[in-house]
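So you can see what is in the structure, the chains are spelled out below.
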Amino acid sequence: MVYRRTPRIQARMDSQRAAILDAAIELLAERGYAGCSMSAVAAQAGVATGSVYRHFPGKAELVAELFRLVVTREVQAVELAAEQPGTAPERVVAVVETFASRALKAPRLAYALLAEPVDAPVEEQRLVFRRAFRDVVARRVAEGVRTGILPPQDAEITAAAIIGAGAEVLTGPLTSDSTDAVSELCTFTLRALGATDATHP
């Protein structure tokens, strides 16, 4: 006879899984990937370590799931920024500004998402993350080229370069003072696009 979970048991399992993910996101934001061990997540969630393994085979699978959740939220934020009124360059700047501002509000989490050494399953999700951001920017760059606001260029390469530069500025030791980072990154973005007015207020 095949065992089937009752709705009550399934609801309890789903609730526990959500609590584990919430705890893991908190740890990822505080300690990064290195500090997000299965035992640490269990302690943060108030469950036994075995309970965490019941839902996730290992740390890499757990954090890969976190990446999917967080990336979905971050991509939604930049997609919304990309829909703001304005020219194509202004919309690209809005995306970069949103991306950068959100990263600087949670720098440890941004580092974990963008640059921290991770296991292969997590790196796969990181690539999804970067491609999603690139695609949002590329659509606006292509729009600018199509309408003649921007000079001819490969939209995907330009977008990848802008996202890569943003990640480098926002997550590494190269940025000692983040006060002007967002503004400078927006100015750089306009220059990289070849926009006529390469200034940012």
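Because the structure is a prediction, the values reported are computed rather than measured.

Chemist: Summarise the side chain of His 55; cite the residues concerned and give the values.
Modeler: Position of His 55 among the secondary structure elements: in helix H3 (residues 49-55). Judged by its relative accessible area of 16%, His 55 falls in the buried class.

Chemist: Help me get a handle on the environment of Arg 17, residues and values and all.
Modeler: By the element assignment, Arg 17 lies in helix H1 (residues 7-31). In this structure Arg 17 comes out as partly exposed when scored by relative accessible area, which is 29%. Along the backbone, Arg 17 and Arg 126 are 109 residues apart, and their C-alpha atoms lie at a distance of 22 Å. Not counting chain neighbours up to four residues away, the residues in contact with Arg 17 comprise His 55, Phe 56 and Glu 65.

Chemist: Which residues make up helix H9 (residues 181-193), and what are the values?
Modeler: Note that an α-helix has 3.6 residues per turn; residues three or four places apart therefore point the same way. Taking 1.5 Å of rise per residue, 13 residues should cover 18 Å, and H9 covers 18 Å from first to last C-alpha, within 8% of that figure. The complete set of buried residues in H9 reads Ala 181, Val 182, Leu 185, Cys 186, Thr 187, Thr 189, Leu 190 and Leu 193. Contact partners of the buried residues in H9: helix H5 (88-105), helix H7 (120-147) and helix H8 (155-171).

Chemist: Any details on the UniProt feature "DNA-binding region" (unreviewed entry) in the protein chain? Residues and values, ideally.
Modeler: The residues that UniProt annotates with the feature "DNA-binding region" (unreviewed entry) are residues 37-56. Helix makes up 75% of residues 37-56 and strand 0%, with an end-to-end C-alpha separation of 12 Å.

Chemist: Go over the UniProt feature "domain: HTH tetR-type" (unreviewed entry) in the protein chain with me, naming the residues and quoting the values.
Modeler: As recorded in UniProt, the feature "domain: HTH tetR-type" (unreviewed entry) lies at residues 14-74. The annotated region residues 14-74 carries 80% helix and 0% strand content, and the separation between its end C-alpha atoms amounts to 24 Å.

Chemist: I'd like a rundown of the nonpolar core, residues and numbers included.
Modeler: Core analysis: the biggest nonpolar cluster contains 57 residues, and Leu 28, Leu 62, Val 122 and Val 137 have the highest contact counts within it. Ranked by the residues each element gives to this core, the list is headed by helix H4 (residues 59-82), at 11 residues. Among all residues touching Leu 28, those that are not within four sequence positions of it are Tyr 33, Cys 36, Val 63, Leu 66, Phe 67, Arg 108, Leu 109 and Ala 112.

Chemist: So what's going on with the confidence of the model for the protein chain? Which residues, and what values?
Modeler: Summing up the model confidence of the protein chain, the mean pLDDT is 87 and the portion of residues at 70 or higher is 91%. Per-element averaging of pLDDT across the protein chain places helix H6 (residues 107-114) at the bottom with 85 and helix H2 (residues 38-45) at the top with 94.

Chemist: Give a description of the side chain of Ser 51 that names residues and reports values.
Modeler: As for its placement among the helices and strands, Ser 51 is situated in helix H3. Residue class for Ser 51 comes out buried when judged on its relative accessible area of 10%. Apart from residues no more than four positions distant in its own chain, Ser 51 is found in contact with Gln 16 and Ile 20.

Chemist: Just give me the short version of the packing of H1 against H2, but keep the residues and values in it.
Modeler: The interhelical angle for the contact between H1 and H2, taken along N-to-C directions, is 115°, at an axis separation of 8 Å. H1 and H2 meet at a crossing whose hand is right-handed. Across the interface between the two elements, Ala 19, Ile 20, Ala 23, Ala 24, Glu 26, Leu 27 and Arg 31 of H1 pack against Ala 40, Val 41, Gln 44 and Ala 45 of H2. Split by residue class, the contact of H1 with H2 holds 8 nonpolar, 1 polar and 2 charged.

Calculation rules
- Once a new chain begins, its residue numbering starts again from 1 and follows that chain's sequence as written.
- Local features in this predicted model are restricted to residues whose pLDDT is 70 or higher, and side-chain atom pairs enter the listing and the counts only when it is 80 or higher, whereas totals over whole chains, interfaces and linings include all residues.
- Side-chain measures were taken over the full set of non-hydrogen atoms in the model, leaving aside hydrogen atoms and water.
- Starting at the N terminus, helices and strands are each numbered in turn, a helix being any DSSP run of H or I of at least four residues and a strand any DSSP run of E of at least two.
- Burial classes: relative accessible area under 20% of the type maximum marks a residue as buried, over 50% as exposed, and values in between as partly exposed (1.4 Å probe, protein chains only).
- Contact definition: two residues touch when any of their heavy atoms are within 4.5 Å.
- The span expected for a helix works out to 1.5 Å for each residue beyond the first.
- UniProt positions are given in the numbering used here, feature names are shortened, and annotations may be inferred rather than shown by experiment.
- We call a set of buried Ala, Val, Leu, Ile, Met, Phe, Trp, Tyr and Cys residues a nonpolar core when their side-chain atoms join them within 4.5 Å.
- pLDDT runs from 0 to 100 and stands for how confident the predictor is about each residue.
- Angles run from 0 to 180 degrees between N-to-C directions of axes, and those axes are lines fitted to C-alpha atoms, restricted for helices to the stretch in contact.
- The hand of a helix crossing depends on one turn: near helix anticlockwise from the far one by less than a right angle means left-handed, and clockwise means right-handed.
- Polarity classes work like this: nonpolar for Ala, Val, Leu, Ile, Met, Phe, Trp, Tyr, Cys and Pro, charged for Asp, Glu, Lys and Arg, and polar for all others, with Gly in that last group.

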